[in-house]
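Each chain, letter by letter, is given below.
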Amino acid sequence: MTAFSGYVAYRVYDGPDLTFDIAGGFRAFGMDIDTKLDGNLRPSEHASQSASWVDPLIAARLTVPFGGNWFATATADVGGFITQASSTWQAIGLVGYRFNAAWSAEFGYRYMNVQKEISGNEVQLGLGGPVIGATYRF
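These figures come from a predicted structure and were not determined experimentally. (Residues numbered from 1 in each chain as written. Predicted model: local features only at pLDDT ≥ 70, side-chain atom pairs only at ≥ 80, totals over all residues. Heavy atoms only, no water.)

A.B. asks: Is there a simple way to think about the overall build of the protein chain in this case?
C.D. replies: A count of helical and extended segments in the protein chain gives zero helices and seven strands. Relative to the globule expectation of 14 Å for 138 residues, the C-alpha radius of gyration of the protein chain, 19 Å, shows a markedly less compact shape. For the protein chain, contacts bridging at least 24 residues in sequence account for 47% of all contacts bridging at least 6. Summed over its atoms, the accessible surface of the protein chain is roughly 9100 Å², and 60% of this surface lies on carbon and sulfur atoms. Seen as two clouds, the 9 positive and the 12 negative side-chain charges of the protein chain have centres 5 Å apart. (Helix = DSSP H or I, 4+ residues; strand = E, 2+ residues; numbered from the N terminus. Rg over C-alpha atoms; globule rule 2.2 N^0.38 Å. Contact = heavy atoms within 4.5 Å. Areas by Shrake-Rupley, 256 points an atom, 1.4 Å probe, with all protein chains shown as cover. Lys, Arg positive; Asp, Glu negative; His and termini not counted. Charge placed at Lys NZ, Arg CZ, Asp CG, Glu CD.)

This is the structure we're talking about:
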């Protein structure tokens, strides 16, 4: 599975103790599913499905500075609300360090849920794990 997200954000609140942004965007997916069932008494079975689609997103992001150049960020988004054929949401929690006004690095945890009807079959995936990244602000 490949997923790519893009957002345009607006800073609703910019204070010394926190910033809050709202955003709109999209998440593009490419998914290939291969399943093989091996059995002792029955012949092996193999099934393949693939799909590509784009879901619109709405998102919110909260950033809280703490101790020098360190900060924490929580981001959540939800999408796929235009049709009943797909839905997606994700939540991300990060701790970051700001090197200067432009560059920062973050690490944390991300969980994304995807539901999609592919070839008449309901596919639901829950993807979670560590995330690391770098940000350049301009």
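Next, the rest of the story.
A.B. asks: Got a minute to help me understand the packing of aromatic side chains in this structure?
C.D. replies: Here a ring pair, both rings aromatic, is described through the centre-centre distance and the interplanar angle of the planes. Tallying each qualifying case throughout the model produces seven aromatic pairs. Three or more aromatic residues link up through ring pairs in this structure, and these residues are Trp70, Tyr97 and Phe99. For Arg98, the ring lying beneath its charged end belongs to Phe71, and the centroid distance is 4.4 Å. (Phe/Tyr/Trp six-rings, centres within 6.5 Å; stacked < 30°, edge-to-face > 60°. Lys NZ or Arg CZ within 6 Å of the ring centre and 35° of its normal.)

A.B. asks: Would you mind showing me how to read the environment of Leu94 here?
C.D. replies: In this structure, Leu94 sits in strand 5 (residues 86-98). On a C-alpha basis, the gap between Leu94 and Ala51 in space is 31 Å, while along the polypeptide they are 43 residues apart. In contact with Leu94, not counting residues within four places along its chain, are Phe71, Ala72, Thr73, Glu106, Phe107, Gly108 and Val131.

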